[in-house]
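Fold and geometry: a report
For reference, the chains in residue letters:
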Amino acid sequence: MMKINSNHVSLLFFFFFVFFFLLHPSQAQNKIEPNTTGYECPANQTTGSGYPCRTYAFYQASAPNFLDLASIGDLFSVSRPMIADPSNISSPNSTLAPNQPLFVPLACSCNFINSSFGAISYANLSHTIKKGDTFYQLSTFTYRNLTTYQSVEVVNPTLIPTNLTIGIDVMFPVFCKCPNTTQLRNGENIMISYVVQPSDNISSIATMFGSKPQSIIDVNRKGFREFDTIFVPVSQLPVLPQIQVNTSAPPASSPAASPVTSSDRTRTVRGLAIGLGIVGLVLILVLGLWVYREARFKDRLGMMVVAGDEEKQKQSFVKETKGSKEAEARLMANVSDCLDKYRVFGYEELRAATNGFDQSCLILGSVYKGTIDGEVYAIKKMNWNAYEELKILQKVNHGNLVKLEGFCIDDDEANCFLVYEYVENGSLYSWLHEDRTEQLNWKMRLHVAIDVANGLQYIHEHTRPKVVHKDIKSSNILLDSYMRAKIANFGLAKSGMNAITMHIVGTQGYMAPEYLADGVVSTKIDVFSFGVVLLELITGKEAIDDRGNPLWTSVVRAFGAGNEQEKIKRLREWLDGSLLRETISMESLMGVLNIAIACVHKDPTKRPSMVDIVYALSKSEDGSFDTSDDTIGSPLVSAR
């Protein structure tokens with residue numbers, strides 16, 4: 001019998017391919033065009049009727065880089081438990097088998113691109129470019145066709161695909177779709193993003209996920225082809241099989257089953273010789289690199305101050321490079337993009353403005369008040385690398401954000417100074433929690449809440465990529481001469497959505513549970529912090545009490561049960577004492593309290609967006625003061 005090898009199979013496949021397309025030209029011509037730039041969603045659904053929502057992507061583990069939940073979680077900006085639970089994986093630390101199926105949660109939203117493309121439905125994921133990365137390679141192989149390189153180009157219009165800078169963050173739009181009203185009515189409240197495989201058909205996909213063929217057809221009305229992303233509506237996620245990873249060596253084949261010829265033996269010996277030669281060469285290279293690294297390390301060790309204190313190492317670096325042009329160039333390189341947008345102040349200019357950074361000019365922390373050419377500024381002394389904060393600030397411009405006027409780099413001391421507009425009336429914290437003769441009345445507090453909500457809505461919805469402030473609190477909200485609120489301090493801000501960090505930083509009492517537990521960074525952590533600020537405005541209490549109890553947990557516990565009358569009675573007990581002297585609609589107060597409680601919901605998917613919050617607060621402002629009997633206090637007392 002003739003032995004058929006791989007060359008014969010390839011040749012047969014080629015002839016079949018030519019035969020099929022020569023004899024069936026109509027099928028080739030009528031084939032559905034691939035969807036490359038995304039799936040449209042109605043622009044008016046960006047803030048309601050299904051969007052945003054939690055969906056899932058069907059993803060398969062792959063060698064060599066994505067065989068554990070940590071690497072896949074980083075890729076999709078979710079934590080390991082968030083993948084393990086829906087994927088039927090017992091331990092988040094498990095090693096995965098190649099092609100092991102997973103359900104990865106997505107934060108799906110309807111995103112307006114421009115007038116040409118309209119709005120596209122996708123989950124906005126941030127990916128840091130590494131050496132060798134391309135839009136095509138990442139879309140096709142890393143994200144396994146859950147997006148396309150054409151779509152990546154659409155949502156990153158300022159980037160050149162053939163000239164990507166290593167280290168920049170690129171937004172990858174992973175395709176998704178939220179269930180509409182009809183699907184929700186049918187109990188199909190979960191949508192799965194699935195990439196069609198060559199062997200798939202509608203029936204097999206429906207069987208795989210426990211869906212209905214007609215439901216899949218209804219959702220994907222334009223049809224689809226191989227490697228297109230389609231959407232499968234289900235009432236619940238199916239249970240995925242757990243694949244056991246076999247770490248033991250495979251058993252050797254028996255001689256009877258696989259006879260070894262002399263030519264096979266020769267080829268094996270030759271292959272082993274080549275392999276051993278390559279291994280030997282690699283070992284020599286590794287040994288050489290190790291020797292070189294050790295020599296370099298010893299040289300540097302003699303010059304470095306060996307200490308665990310980071311400040312001492314920084315001082316050593318400054319001492320070695322003080323006054324050198326090389327040090328100045330290194331510091332300036334990080335902020336070179338900002339030079340044409342902001343004023344560059346001189347160090348001596350700032351020193352004179354603050355009387356040599358005298359304590360009498362200190363506002364708070366490391367922020368000084370200084371006057372330059374008759375103009376008053378807030379001057380923030382920072383760590384010597386302010387690039388991250390500058391990178392965020394140069395993208396934002398809104399009346400409810402403190403404006404950056406310029407910066408200064410002191411190459412002698414390796415410090416950086418950010419120069420902001422001066423906001424006259426200080427922080428919201430000082431108005432709420434420090435002894436003052438004047439108090440904020442309810443109307444002013446509502447205006448403050450709406451101003452902050454507008455500022456957050458801007459950075460969440462109108463910057464590309466979206467910005468998460470990460471440190472919203474009453475001390476980072478400043479009031480100008482007109483008592484309008486401005487958000488300050490973008491030192492912890494993060495550009496991009498749904499990131500994971502192991503470095504948890506923030507202020508106790510304001511940090512969201514998912515951020516504390518898993519390091520999840522999303523716009524929803526700003527919503528949570530804003531909810532705490534709302535509770536401060538209503539109660540006049542600090543975000544955390546003397547015993548370490550967070551304000552939000554106490555309020556949620558107090559208002560978690562009872563009818564409306566009981567809650568109104570409790571609200572009178574919780575209200576800031578200065579508000580009891582005012583005539584305020586209880587409906588307005590309860591409305592704002594309900595917004596605050598929704599903001600601090602433990603489940604981030606159940607928190608409202610800033611768009612919804614701005615609308616709800618505006619409605620509360622309209623009904624704040626009425627003449628009905630359902631009010632508290634006496635006529636409105638001015639706070640100024």
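Above this note sits the structure.
Described in the following lines is the structure provided in the data block. (Residues numbered from 1 in each chain as written. Predicted model: local features only at pLDDT ≥ 70, side-chain atom pairs only at ≥ 80, totals over all residues. Heavy atoms only, no water.)

Considering the overall build of the protein
Defined as follows: Only DSSP runs of H or I reaching four residues or more are called helices, and only runs of E reaching two or more are called strands; each is numbered from the N terminus. Methods summary: accessible areas were calculated by the Shrake-Rupley approach with a probe of 1.4 Å, and residue burial reflects only the protein chains presented.
Helix and strand counts for the protein stand at 22 helices and 20 strands. For the protein, the exposed area adds up to about 34,500 Å²; of that, 54% sits on carbon and sulfur atoms.

A look at the nonpolar core
Worth spelling out the cut-off: Here, nonpolar core means buried Ala, Val, Leu, Ile, Met, Phe, Trp, Tyr and Cys residues that are tied together by side-chain atoms lying within 4.5 Å of each other. Buried, partly exposed and exposed residues are distinguished by accessible area as a fraction of the type maximum, computed with a 1.4 Å probe on protein chains only: under 20%, between the cut-offs, and over 50%, respectively. In what follows, residue pairs with any heavy atoms lying within 4.5 Å of each other are defined as contacts.
In this structure, Leu418, Phe490, Phe530, Leu534, Leu571, Ile613 and Leu617 are the most contacted members of the largest nonpolar core, which totals 84 residues. Considering every element that reaches this core, the biggest residue donor is helix 16 (residues 442–461), with 11 residues. Those residues in contact with Leu534 that sit more than four places away from it in its chain are Ala449, Val592, Ile595, Ala596 and Leu617. In terms of nonpolar packing, the next biggest core, distinct from the first, is built from 37 residues, Ile72, Ile83, Cys110 and Val195 among them.

Comments concerning the state of the cysteines
Every disulfide links exactly two cysteines, by a covalent bond between their sulfur atoms. Put simply, the test is: Any pair of cysteine sulfurs within 2.5 Å is marked as a disulfide.
Taken as a whole and assessed by the stated rule, the structure comprises 3 disulfides. Each sulfur in the disulfide pair Cys41 and Cys110 lies 1.9 Å from the other. Between Cys41 and Cys110, the S-S dihedral sits near 100°, and the bridge is therefore right-handed. Taken together, the residues Cys41 in the loop between helix 2 (25–29) and strand 1 (53–60) and Cys110 in strand 2 (residues 101–114) connect sequence positions 69 residues apart. For Cys41, a relative accessible area of 8% translates into the label buried. Here Cys110 falls in the buried class, since its relative accessible area comes to 7%. Of note for the protein: the bonded cysteines, numbered N- to C-terminal, pair according to 1-4, 2-6, 3-5. We note that Cys408 lacks a disulfide partner, and the nearest cysteine sulfur, in Cys416, lies 7.4 Å from it. On the basis of relative accessibility, which here comes to 1%, the residue Cys408 falls in the buried class. For Cys416, a relative accessible area of 1% translates into the label buried.

Considerations on the pattern of salt bridges
Rule in force here: The term salt bridge refers to a pairing of a side-chain nitrogen on Lys or Arg with a carboxyl oxygen on Asp or Glu at a separation within 4 Å.
As enumerated under the stated definition, the model contains 8 salt bridges in all. Where Arg484 meets Asp451, a salt bridge forms, and the shortest distance between an N and an O atom there is 2.6 Å. With Arg484 in the loop between strand 14 (477–479) and strand 15 (485–487) and Asp451 in helix 16, the pair connects residues that are 33 residues apart, well separated along the chain. Look at Arg484 and you get partly exposed, because its relative accessible area is 38%. Since its relative accessible area comes to 2%, Asp451 is described here as buried. A salt bridge links Asp471 to Lys473; the shortest N-O distance between them is 3.9 Å. With respect to burial, Asp471 and Lys473 carry one shared label: buried. Each of Arg343, Glu349 and Asp373 takes part in salt bridges that share partners, so that together they form one network.

A look at a nonpolar patch on the surface
Note the threshold: A patch consists of residues exposed above 30% relative accessible area that lack any salt bridge, with like charges linked at up to 9 Å and nonpolar side chains (Val, Leu, Ile, Met, Phe, Trp, Tyr) linked at up to 5 Å.
On the surface, a cluster of nonpolar side chains totalling about 320 Å² of accessible area is made up of Tyr136, Phe141 and Tyr149. Mapping Phe141 onto the fold places it in helix 5 (residues 135–142).

Some thoughts on the packing of helix 20 (residues 564–574) against helix 21 (residues 586–599)
Note the following rule: A fitted line through C-alpha atoms serves as each axis, taken over the contacting stretch for helices, and the angle formed by two N-to-C directions is quoted from 0 to 180°. Throughout this description, any angle smaller than 35 degrees is read as roughly parallel, any larger than 145 degrees as roughly antiparallel, any in the 65 to 115 degree range as roughly perpendicular, and the remainder as oblique. Nonpolar residues are Ala, Val, Leu, Ile, Met, Phe, Trp, Tyr, Cys and Pro. Charged residues are Asp, Glu, Lys and Arg, and all others, Gly as well, are polar.
Interaxial distance between helix 20 and helix 21 falls to 11 Å at its minimum, and their mutual angle equals 90°. Judged on the interaxial angle alone, helix 21 and helix 20 are roughly perpendicular. In this structure, helix 20 uses Glu564, Lys567, Ile568, Leu571 and Arg572 to contact helix 21, whose residues at the interface are Met586, Leu589, Met590 and Leu593. Its residues assigned to classes, the contact of helix 20 with helix 21 comprises 6 nonpolar, no polar and 3 charged.

Structural notes on the sheet that holds strand 12 (residues 415–421)
Quick note on the threshold: DSSP bridges decide pairing: two strands pair if at least two such bridges lie between them.
Strands sit in the order 7-11-12-10-9-8 across an open sheet of 6 strands; the sheet is mixed. Looking at the sheet topology across the chains shown, the edges are occupied by strand 7 (343–344) and strand 8 (362–364). Pairing analysis gives 2 bridges linking strand 8 to strand 9 (residues 367–372), with the strands arranged antiparallel. Across the sheet, the residue bridging to Leu364 is Val367, located in strand 9.

Some words on the packing of aromatic side chains
This is how it is decided: Centres within 6.5 Å make a pair out of two Phe, Tyr or Trp rings, where for Trp the six-membered ring is used; the pair is then stacked when the planes are under 30 degrees apart, edge-to-face when over 60, and tilted otherwise. Both a distance and an angle decide whether a charge sits over a ring: NZ of Lys or CZ of Arg must be within 6 Å of the ring centre and within 35 degrees of the ring normal.
In total, this model carries 20 aromatic pairs according to the counting rule given. Judged by centre distance (6.2 Å) and plane angle (25°), the ring pair of Tyr347 and Phe357 falls under stacked. Here the residue Tyr347 occupies a position in helix 13 (residues 347–353), and Phe357 occupies one in the loop between helix 13 and strand 8, the gap between them amounting to 10 residues. On the basis of relative accessible area, Tyr347 is assigned to the partly exposed category, the value being 25%. Overall, the relative accessible area of 12% leaves Phe357 in the buried class. On the basis of an interplanar angle of 40° and a centroid distance of 5.8 Å, the ring pair of Tyr347 and Phe417 is categorised as tilted. In this pair, Tyr347 is assigned in helix 13 and Phe417 in strand 12, connecting sequence segments 70 residues apart. Phe417 sits in the buried class, given a relative accessible area of 1%. One cation-aromatic arrangement involves Lys381 over Phe357; the distance from NZ or CZ to the ring centre is 6.0 Å.

With respect to the sheet that holds strand 6 (residues 229–234)
The strand order 4-3-2-1-5-6 describes an open sheet built from 6 strands, whose pairing is mixed. Of all the strands in the sheet, the pair left with one neighbour each is strand 4 (169–175) and strand 6. When the angles between neighbouring strand axes are averaged without regard to direction, this sheet yields 45°. Pairing analysis gives 2 bridges linking strand 1 to strand 5 (residues 190–195), with the strands arranged parallel. Within strand 5, the position partnered with Tyr56 by the bridge is Ile192. Its contacts with the sheet put helix 3 (residues 69–76) on strand 1, strand 2, strand 3 (118–128) and strand 4, and the angle it makes with strand 2 is roughly 10°.

Some details on unusual backbone geometry
A cis amide bond links Ala63 to the next residue, Pro64, at an omega of 0°. Assignment of secondary structure puts Pro64 in the loop between strand 1 and helix 3. Backbone torsion omega between Arg464 and Pro465 reads -5°, so that peptide bond is classified as cis. On the secondary structure map, Pro465 appears in the loop between helix 16 and strand 13 (467–468). Although it is not a glycine, Arg144 sits at a positive phi angle of roughly 55°. Mapping Arg144 onto the fold places it in the loop between helix 5 and helix 6 (149–155). Positive phi is not limited to glycine here, since Phe357 has a value of about 55°.

Overview of the side chain of Thr539
Going by this rule: A 3.5 Å cut-off defines polar contacts: any pair of N or O atoms within that distance qualifies, except that in protein one atom must be a possible hydrogen donor and the other a possible acceptor, and neighbouring residues in sequence count only when both atoms are side-chain atoms.
With respect to the helices, strands and loops of the structure, Thr539 is situated in helix 18 (residues 523–539). Side-chain polar atoms of Thr539 contact the backbone oxygen of Leu535, separated by 2.7 Å. In this structure Thr539 touches Leu551, Trp574, Leu575 and Asp576, once residues within four positions along its chain are discounted.

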